[in-house]
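# Architecture and fold: a report
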Amino acid sequence: MCGICGFTGQIVDRDKVIKNMTDVITHRGPDSSGFYQDSRISMGFRRLSIIDIDAGHQPIYNEDKSLVLTFNGEIYNYRELRDRLIECGHEFYTNSDSEVLIHGFEEWHEDLLMKLRGMFGFAIYNVKDGSVFIARDFFGIKPMHYTLVDGEIIYGSEIKSILEHPKYEKRFNYRALDTYLSFQYAVPPETFFEDVYCLLPGHFLWYKNGEVTTERYFEAKFRPDENLSEEDAVNKIESAFENSVNAHKIADVEVGCFLSSGVDSSYVSTYFADQKTFTVGFDFGEKYNEISWAKRLSEKIGVDHYTKLITSEEFWDAVPKVQYHMDQPLADPSCIALYFVSKLASEHVKVVLSGEGADELFGGYQVYRSPMNQRIYHAVCPYPLRKLLRKIALRLPDIKGRDYLIRACDPLEEDFIGNAFLYNYEQKYELLKDPSIATRPQDLTKRFYNRARKYDKVTKMQYIDINLWLVGDILLKADRMSMANSLELRVPFLDKEVWKVASTIPSKLRVNRKNTKYALRQAALRHLPEETAQKEKLGFPVPTRVWLRDEKFYNIVKEEFKSPTAQKFFNIDVIMDWLDDHYEGLADTSRKVWAIYVFLIWYKQYFGEVTSEEITEDVLGEVDNIEDVVTAAGASVGTTSKERLNELFGLAFDDEDGAGKEEFSVRTADEEPESDSETEE
C-alpha cells in the first residue's frame, strides 16, 4: 500500500515541490520514498512495504525504461499474470505486483485493467510521447484525484498532495457543500476544492497534449439468475468468498482482521484462526459497544483479540485530525471510530481485512426492505391520501411511525438518494446563507436511476449505493483512516470474482421477509454461530445523539455554530434551531447537526478561521443576494428564507419546481443514457 503524486510541466523549484507533495502523504507509506523526473514530468511515491519488501521499490520501469509506473494498491492475481507476461517475452527484475502492471500495460494497454484482480490507483508515464495514463480500481477502493492547471495535470492519491503545488490556487467549491448537506459526503467526481476531481471507480484517464479525457472500463451491472436455487446461490457465495479471502491474505507481512458483532467482518474472521482481530467500542451500553460480542466470537474461532474502549473526550479531540486526514468533510461519525480501530491494529500488524462492500453487493441495509414493507400500504392507500398523511406526519413530533409515513409517500426515485439522506432542498434553502447553491438531490441521482431502470426496486437501491454511498462514504473513510495509521486495509467482498457471483443472486435471495443479505448469511452460517450470522445490521454505532444532549458537548457545538465561519455559510438562527431542538429532546436532529459541525471543523483545517471582517466583506459584496442584503440591513430572519423573502418583498417561490435553484450535474464520460434498444417497455 502506498501513496502516489505527480505533475507535468516546468515550475520553479520543482524538486522541492514534488518532495513536498510526497512528504505530505508520508503516512500512506512511511517505509521509503521514490521519485522520477525528466523535462516533462515529476513523479513521487511513498511506500508501505507489503510484497517483495526488499526489491519492490518504485518507480518501476519496463525493459527499456520507456514506461514509468507509480502504484498504490495490491494485485492479487499478479503471479498468474506474471507467468503469462513472461511467456510473451517480458523480463522481470522484481517479484512485486507493481512490475506486473508496467509490463501488462505494455502488452495489453487499457485491456490490462479487466485482467486485474485487486485494488489500485496507478499512474504510467510514457517517456517517448509525454502522455500519462491513470487508472482506478473497479469499485473505488483506492483513491485518485487530479486537476488541470494551464494545460498541465497535477494528480495524487490524496488531495493534500495537489494543494502543495504552487500553481494550484486553493478555492472552496460551493457545489460540494450543497451535495454534502444532502448525502453527508461530497458526491464524486466533485470535491470541496474547485477544479479538483475524483477519478471515478472503474475509470481510466489519459493526459495527452494538455488535455484530460476519462473513460469507464467497468460498471457494476446486476444480472440476476431467477432460476438460481438457494442452495446453489449459497454454495457459489461460499466458494467465491473463501477464494477471495485467501487471495487477500497474500502478503510478506502479518495480516489481521477487523471484527465487529456483524456478519460481514465475522465471516472474514473465520479464516483467521491463530491470528489477530481488532475491535473498538464506546462505554454507552451494548448498543454502542460490540466488544463483548466480538470477544465471544473470538474465543469460539480461536483468534487473538485486541480491543479499545474509546472515551468521549478521545472521540471529540480526534475530530480535527480525522477531518484533516479525510481531505474532505465526511459527516459519518463512524469514520472516527474507524480511525481508532485502525490505530489499534497498526500497533500489531501492517495489513487488515474488513467487511466493507458486503451490504451493497448482497443487500444488507435495512432500508432495502422498504419497498417490500410499503407494498401493501401503496396498494390500499392511493397517492393523494399518502401525500396528505405525509403532510400531517411532518408536523408530528419524532414518534414511532412518523418517518414511515414520510418516506412511504413518494416513488422510490424521489424517496431514496442513498443510504444517508440529511437535508432536502427546502431545508438547504432555509439554512444556507447563499440559497442559490441549493439543489434537489434527486436531480443528481436521476441519471443513476436511468441506468438502473430495468432493475427491481431493491436492486435499484443497491445500484445507487454502489455508485454513490460506497464511493463517497464507505471506501473513502476506509482508505483514509487506515492510511492515516500506515495500515493497509483490504476488502475481500469487493473482489471481481465475488462480484461475478453477487451480480447473479436474485433479489428474493438478497432481501426477503426472513432477513437482509439472506443468501450471504446462509453461507456465513456454515462458519459462524447462528446468533452472529443472523444478527441485525447495526453499522458502526456511535453515540452522537447522546453526546449532543449533554451540556458539555452541546456547548462545544454551539460555539462552532456561533462562529464567523458558520456565519459565512449558514443562517445562524436556523442551525441553532436544529441544535436546540435536539438538545431539548424535541426531535432527533443529531445527524443534521453533526454534519454542519464536522464541516465547520474541516473548513478550519484547510481554509483557516473566518474573521468577522471577512463576514462583513462577504455580506456587503454580495448585493445580488437578497437574503444577505436583508441580513446586512439588520432585518430579522423568519422561520424560513423563502417565507421571509415573501414577507419582505412579496416574492413567490414554488416549492414544487424548486424556483431559484441552480442546476448542477456531474460530468462523466459515460453520462449518455443507454441505447433505445435497451429501454424497458
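Scope of this entry: the structure provided in the associated data block. Small disclaimer: the values here were computed from a predicted structure and weren't measured. (Residues numbered from 1 in each chain as written. Predicted model: local features only at pLDDT ≥ 70, side-chain atom pairs only at ≥ 80, totals over all residues. Heavy atoms only, no water.)

### Quick word on the overall build of the protein
- The secondary structure content of the protein amounts to 30 helices and 17 strands.
- With 681 residues in all, the protein has 61% of them scored as buried.
- Sequence-distant contacts in the protein: of pairs separated by 6 or more residues, those separated by 24 or more amount to 72%.
- Taken as a whole, the protein presents about 26600 Å² of accessible surface, with 48% of it coming from carbon and sulfur. (Helix = DSSP H or I, 4+ residues; strand = E, 2+ residues; numbered from the N terminus. Buried < 20%, exposed > 50% of the residue type's maximum accessible area, 1.4 Å probe, protein only. Contact = heavy atoms within 4.5 Å. Areas by Shrake-Rupley, 256 points an atom, 1.4 Å probe, with all protein chains shown as cover.)

### Looking at the pairing of strand β6 (residues 118-126)
- Summarising burial for β6: eight of the nine residues are buried, a large majority.
- Of the strand pairs in this sheet, strand β5 (residues 67-75) and β6 are connected by nine bridges, and their pairing is antiparallel. Note that in β6 the partner of F71 across the bridge is F122.
- Bridge analysis of β6 against strand β7 (residues 132-136) gives five bridges, and the strand direction is antiparallel. Looking across to β7, one finds that Y125 is bridged to V132.
- Adjacent in sequence and paired antiparallel, β6 and β7 are bridged by five residues, among which G130 carries a positive phi angle near 80°. (Pairing = 2+ DSSP bridges.)

### With respect to the nonpolar core
- Membership of the largest hydrophobic core comes to 189 residues, with the highest contact counts inside it found for F122, F139, L177, F570 and F599.
- With twelve residues, the single largest contributor to this core is helix α27 (residues 590-607).
- In terms of nonpolar packing, the next biggest core, distinct from the first, is built from 20 residues, I4, L199, L205 and Y207 among them. (Core = buried A, V, L, I, M, F, W, Y, C linked by side-chain atoms within 4.5 Å.)

### Re helix α6 (residues 230-248)
- With 19 residues, α6 should cover 27 Å at 1.5 Å per step; its first-to-last C-alpha distance of 27 Å lies within 8% of that length.
- Looking only at α6, the buried set comprises A233, V234, I237, E238, A240, F241, S244, V245, A247 and H248. (Expected span 1.5 Å × (residues − 1).)

### Things to note about the sheet that holds strand β10 (residues 197-198)
- Taken together, six strands build an open sheet; the order of strands is β2-β3-β1-β9-β8-β10 and the sheet is antiparallel. With partners counted over all chains shown, the strands left at the sheet margins are β2 (32-37) and β10, one partner each.
- Strand direction decides the pairing type here: strand β8 (residues 145-149) and strand β9 (residues 152-156), joined by five bridges, are antiparallel. Bridge pairing links T147 to I154 in β9.

### Details of the sheet that holds β7
- If you walk across this open sheet you meet the six strands as β4-β5-β6-β7-β11-β12, and the pairing is antiparallel. The outermost strands of the open sheet, each flanked by one partner alone, are β4 (60-61) and β12 (211-216).
- On top of the sheet, helix α3 (residues 97-108) reaches β4, β5, β6, β7 and β11 (203-208); it is set at about 125° to β5, its chief contact. (Axes fitted to C-alpha atoms, helices over the stretch in contact; angles between N-to-C directions.)

Geometry only, nothing functional implied.
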